[in-house]
Amino acid sequence: MMLSRSPTLRLTVASSRMQMILRQTISSTTVLANAVPTEADLKPTYYIPKKQRSSMKMSHLYLEKNRAGGETRINRVGRLCPTRELNFTSDSWALHKSNWRHFRHVKYLLRSAAIQRIAVPDLAWVSFVASGVTCYNLYFAAEHATVDATGFAGASTAIGLLAGFRVNASYGRYDECRKFWGEINNTIRDLACQALMWMPDNTQKKRFLKLCKAFPMTLVFHLSGKGCHHDMKRKTPENPPFADRVHAEFLAELRDIYSDGKDEVDFERLSRVKYTGGNTPVEVLTMLRETIATCKGEIDAIYATEMDKQCQRLCGAFGASERILRTPLPTGFSRHASRLLFIWTTLLPFALYPSLGPWGTLPASLFSSYAVLGIEDIGVQLEEPFDILPMRQYSD
């Protein structure tokens, strides 16, 4: 009898275990869904409605006429912030090409991003070495401590070429990234026009258009850890965790798109994917293709195929953007260039002292170091184009 009952008993135990696992899975899924903060839990700090952002006269976010350069750019909130230009207009180009630009730029030299970023520790170190060489040679040395200027001139030429190559390689990444954003904007416009022409169902059409608006916004938050809210600080003792503050800005931007209160399932789906660390641009692309597949019986198959090709264009531009984000210039080259520049700036006062003497060594060393290190630092900033391009303007 024990043998006849054992298969039934085993099936009963297995069934009980499966039910327990299923209940645990449903429970954990429910907890995960409930764990995602809602708009009531998180309040954005930097969010501005799109209708208000269209104006460039918001002094707390933009400077319409930046006194340090004259062009329109995002306000720099700290010494280490790079220059972040906004989209140029005809007025911006007129000011940019002004014949007084050299005087205007020199006037605000000390407030420029290039000199403020390298002032400490780079230029401070050069100043320390130059002052030390001058004092030692002037007051203590029986024989001056110098470096042969002829050999050093050849090294200086190589250093200049190295810095120039660094900028050119970084600008290639910057230019490529801007082209990707242009491709994304053009594709979004094509998709929106095709949806308006070919989708007969108004409900699906409106959903599709919202997803078209959501894709560039989610891409901004995917490529920029702060969602291009550059004023946001990662560590602040009085504020919620950094991830929650970023999610609050994301929810506010997403709600701006879903402001009509419809398609809440899409809103919650994207919110959950973002908060759990998922890939929100891929999720939007999936939802776009789901909408196209839903309408296949209502629109011609040729039109559906054409719309899917546009989604493939978006996916290609998105993948290229991720490639730039995750792949810097070879780090071995960057470290090698950094070491050579440090050695060159350290030896520069020794090479300049024989010809310039105690009075000219310090200022000449500072100026030469500023010229080369400034070019190299601009190249470093261009290497990560997502931190300096006005992606929020592109996504609008």
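About the cut-offs
- Residues numbered from 1 in each chain as written.
- Predicted model: local features only at pLDDT ≥ 70, side-chain atom pairs only at ≥ 80, totals over all residues.
- Heavy atoms only, no water.
- Helix = DSSP H or I, 4+ residues; strand = E, 2+ residues; numbered from the N terminus.
- Buried < 20%, exposed > 50% of the residue type's maximum accessible area, 1.4 Å probe, protein only.
- Contact = heavy atoms within 4.5 Å.
- Areas by Shrake-Rupley, 256 points an atom, 1.4 Å probe, with all protein chains shown as cover.
- 1 Å grid on protein atoms, 1.4 Å probe; cavity = no way out; pocket = protein on both sides within 12 Å on 5 of 7 lines; lining within 4 Å.
- Points joined across faces, edges and corners; volume = space filled by probe spheres on them.
- Nonpolar A, V, L, I, M, F, W, Y, C, P; charged D, E, K, R; others polar.
- Patch = residues over 30% accessible without salt bridge, like charges linked within 9 Å, V, L, I, M, F, W, Y side chains within 5 Å.
- Salt bridge = Lys/Arg side-chain N within 4 Å of Asp/Glu carboxyl O.

Q: How would you explain the overall build of the chain if you had to name every residue and give the values?
A: Looking only at helices and strands, one finds 13 helices and 2 strands in the chain. With 396 residues in all, the chain has 41% of them scored as buried. When contacts within the chain are restricted to residue pairs at least 6 apart in sequence, long-range pairs at least 24 apart make up 73% of them. A total accessible area of about 22200 Å² is found for the chain, and carbon and sulfur atoms account for 61% of it.

Q: Hey, could you go over empty space enclosed by the protein for me, with residue numbers and the actual values?
A: In total, this model carries 1 cavity of 30 Å³ or more according to the counting rule given. Looking at the largest cavity, the residues that line it are Lys50, Arg53, Met217, Val220, Phe221, Gly227, Glu253, Arg392, Ser395 and Asp396. For the lining of the largest cavity, the elements supplying multiple residues, two or more each, are helix H2 (50-53), helix H7 (202-223) and helix H13 (391-395). Examining the composition of the lining of the largest cavity, we find that 3 residues originate from one element, H7, more than from any other. Of the residues belonging to the lining of the largest cavity, the class tally is 3 nonpolar, 2 polar and 5 charged.

Q: With reference to specific residues and values, describe unusual backbone geometry.
A: The amide bond that connects Val120 to the next residue, Pro121, takes the cis arrangement and shows omega of 10°. Here Pro121 shows up in helix H5 (residues 113-140). Phi at Cys228 is positive, roughly 65°, even though this residue is not glycine. For Cys228, the location among the structural elements is in the loop between H7 and helix H8 (242-257). By relative accessible area, which is 7% here, Cys228 ends up buried. Not every positive phi belongs to a glycine, and Asp263 is a case in point at roughly 55°. Checked against the element boundaries, Asp263 lands in the loop between H8 and helix H9 (264-275).

Q: Describe a nonpolar patch on the surface, with residues and values.
A: Taken together, the side chains of Trp125, Phe128, Phe342, Ile343 and Leu347 define a hydrophobic patch exposed on the protein surface, amounting to about 490 Å² of accessible area. Only H5 and helix H12 (331-383) provide two or more residues apiece to the nonpolar patch. Here the nonpolar patch takes 3 residues from H12, the largest share from any one element. As for its position among the elements, Phe128 is in helix H5.

Q: Summarise the pattern of salt bridges; cite the residues concerned and give the values.
A: According to the stated counting rule, one finds 18 salt bridges in the structure shown. Note that Asp266 is salt-bridged to Arg207, the shortest N-O span being 2.6 Å. Here the residue Asp266 occupies a position in helix H9, and Arg207 occupies one in helix H7, the gap between them amounting to 59 residues. Residue classification places Asp266 among the buried residues on the basis of a relative accessible area of 5%. The exposure class of Arg207 is buried, given its relative accessible area of 14%. Note that Lys210 is salt-bridged to Asp260, the shortest N-O span being 2.7 Å. Placement of the pair is Lys210 in helix H7 and Asp260 in the loop between H8 and H9, with a sequence separation of 50 residues. Judged by relative accessible area, Lys210 falls into the buried class, the value being 8%.

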